[in-house]
Amino acid sequence: MVSCKQKSNADQGPTLPKDATVETYEAEILKIHDEAMPMMSELNQLETQVRNIRIEASKSDEGSSAMPDGIDDVLQSLKTSQNAMLDWMEYYSAMRTKLEQDVMMSFMQAELQKVAVVKKKMEESISKAKVWIAAHPS
Amino acid sequence: MVRTLFLLILAVVIAYGTGCKSENKSLPILGNQEIINGDTIRHIIPDYLLTDQDSHQLRISEFDGKLYIADFFFTSCPSICPRVQKQMLRLYDKYKDDQRVLLLSHTIDQRHDSVTVLNRYAKNMGVNTEKWKFLTAEKDTIFHLADQYFVSVVDDPDAPKGFDHSGRIILVDKNRHIRGFCEGTDPESVTAFFGTVDQLLAEEYK
């Protein structure tokens, strides 16, 4: 019987037992995906908040010098992490139905790493935005 | 002006713990309510401009006078959405000949779900798009719209609002009030939801 227990560390990403099946990999991939998806709303809400700060700053008489430091970086991070999940889903869903069985295992192994990276990116982006917003109240 | 805001979410969710149970009493209107100058203002789905799978622009108010069943999805979703769409298909099959009921699926992936993609998706589903519409809009519009739906059906009022990837299916009455919901990933919950829809039909079309 295959153990589904996921091991992970910050450097290596998730790993499954050597005898894990394609189905086990897929279940783990979708689990990570489902854990990440609720963050999409929060990412969008944070993006809206930061954009509003930018709009307010742009109305200042001080011109571009009134724009808070790091705002573009935070905005870009929020957008990129949302797009990363959307792009990953598009690729995964398309390839999942196209690939032959003989390459499916290597595909799943690669996708497990990718979706974990995407989820981490989303978490980091949320943390970064929250810290930035706290330092730049509107 | 006397302005009082009541958060009814928790009470309503507790009252409707199973979400989809059909009961003899009238279905409540879910969501926040405000009392302004003595008048009770109930939560209503805002009248946003959306685009359907045939590139037609339409306002949600165009559906006033009909009940509709709504969900949020994206065509490339590998996990929850296909299960929810399967349940939406059950609802479609039951109500496809009932002119009082519509189904609306809103994509939250504006990056990939173009009108062309939605059109192809609808064709692959083999459904009548006069009955079941696949809708898109600007990202902010869709996320705000999702907030307006899900604020009424989240179990925890402090939880992040909006599209929560839970696969909930929501019932809206002919005045755009939210009247019920179910877990779209749970076939039994959806089976119970048939009763909720039928009850609302009976209430609204006496």
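Higher on the page you've got the structure.
Below: a short report on this structure. (Residues numbered from 1 in each chain as written. Chains lettered and ligands numbered in written order. Predicted model: local features only at pLDDT ≥ 70, side-chain atom pairs only at ≥ 80, totals over all residues. Heavy atoms only, no water.)

Facing the 19 residues of chain B at the interface are 21 residues of chain A. Note on chain B versus chain A: buried area summed over both sides is about 1,700 Å², and carbon and sulfur give 53% of it. Of all residues in chain B, Pro78, Arg111 and Phe143 of chain B bury the most surface against chain A, accounting for 28% of the area lost on that side. Inspection of the region where chain B meets chain A yields 3 salt bridges. For Asp140 of chain B, the salt bridge goes to Arg51 of chain A, with nearest N and O atoms at 3.0 Å. Linking chain B with chain A are 9 residue pairs in polar contact (both at pLDDT 80 or more), by the criterion used here. By residue number, the principal contributor to the side of chain B that touches chain A is helix 4 (residues 139–150) of chain B, which donates 4 residues. (Contact = heavy atoms within 4.5 Å. Buried area = accessible area lost by both parts, 1.4 Å probe. Salt bridge = Lys/Arg side-chain N within 4 Å of Asp/Glu carboxyl O. Polar contact = N/O pair within 3.5 Å; in protein donor to acceptor, adjacent residues only side chain to side chain. Helix = DSSP H or I, 4+ residues; strand = E, 2+ residues; numbered from the N terminus.)

Right, let's get into unusual backbone geometry. All names here are of chain B. For Asn37, which is not glycine, the phi torsion reads 50° and is therefore positive. Tracing the backbone shows Asn37 in the loop between strand 2 (33–36) and strand 3 (39–42). Residues other than glycine seldom take positive phi values, yet Arg176 does so here, at roughly 70°. Tracing the backbone through its elements, the reader meets Arg176 in the loop between strand 9 (168–172) and strand 10 (178–183).

Moving on: the sheet that holds strand 8 (residues 132–135) of chain B. Residues and elements named next belong to chain B. Within the open sheet, the 5 strands sit side by side as 8-7-6-9-10. Their pairing is mixed. Looking at strand neighbours, the two that pair on one side only are strand 8 and strand 10, the edges of this open sheet. Going across the sheet, the axis of each strand differs from the next one's by a mean of 20°, ignoring polarity. Sheet topology note: the strand 7 (residues 101–107)/strand 8 ladder contains 4 bridges and is parallel. Of the residues in strand 8, the one forming a bridge with Leu103 is Trp132. (Pairing = 2+ DSSP bridges. Axes fitted to C-alpha atoms, helices over the stretch in contact; angles between N-to-C directions.)

Turning our eyes to something else, we now look at the packing of helix 3 (residues 71–98) of chain A against helix 4 (residues 101–135) of chain A. Residue and element names in this part refer to chain A. Packing of helix 3 against helix 4 brings their axes to within 9 Å, and their N-to-C directions diverge by 160°. Our classification of the angle between helix 3 and helix 4 gives roughly antiparallel. The way helix 3 lies across helix 4 gives a crossing that is left-handed. Residue composition of the contact of helix 3 with helix 4, grouped by class: 17 nonpolar, 4 polar and 6 charged. (Parallel < 35°, antiparallel > 145°, perpendicular 65-115°, else oblique. Left-handed = near helix turned anticlockwise from the far one by under 90°. Nonpolar A, V, L, I, M, F, W, Y, C, P; charged D, E, K, R; others polar.)

A few words on the pairing of strand 8 of chain B. Burial along strand 8 of chain B is two-sided: the face carrying Trp132 and Phe134 of chain B and the face carrying Lys133 and Leu135 of chain B are both buried. Note on the crossover from strand 7 of chain B through helix 3 (residues 115–125) of chain B to strand 8 of chain B: the handedness is right-handed. (Buried < 20%, exposed > 50% of the residue type's maximum accessible area, 1.4 Å probe, protein only. Right-handed = clockwise from strand over helix to strand, strands pointing away.)

Residue and element names in this part refer to chain B. In total, this model carries 11 aromatic pairs over all chains according to the counting rule given. Ring geometry for Tyr92 and Trp132: centres 5.8 Å apart, planes at 40°, overall tilted. Highlighted residues: Tyr92 in helix 2 (residues 80–95) and Trp132 in strand 8, separated in sequence by 40 residues. Each member of the pair, Tyr92 as well as Trp132, is classed as buried. An aromatic cluster is present here, built from Phe73, Tyr92, Tyr121, Trp132 and Phe134 joined pairwise through their rings. Sitting over the ring of Tyr205, Arg100 keeps its end group 5.2 Å from the ring centre. When the ring centre of Tyr205 is taken as reference, the NZ or CZ atom of Lys174 above it lies at 4.4 Å. (Phe/Tyr/Trp six-rings, centres within 6.5 Å; stacked < 30°, edge-to-face > 60°. Lys NZ or Arg CZ within 6 Å of the ring centre and 35° of its normal.)

What follows covers the nonpolar core. Ranked by size, the top nonpolar core spans 91 residues in total, and within it Met85 of chain A together with Tyr68, Ile69, Leu91, Tyr149 and Ile169 of chain B carry the most contacts. When residues in this core are grouped by element, the largest group, 12 residues, is from helix 4 of chain A. (Core = buried A, V, L, I, M, F, W, Y, C linked by side-chain atoms within 4.5 Å.)

It is worth stressing that arrangement in space is one thing and function is another; only the former is reported here.
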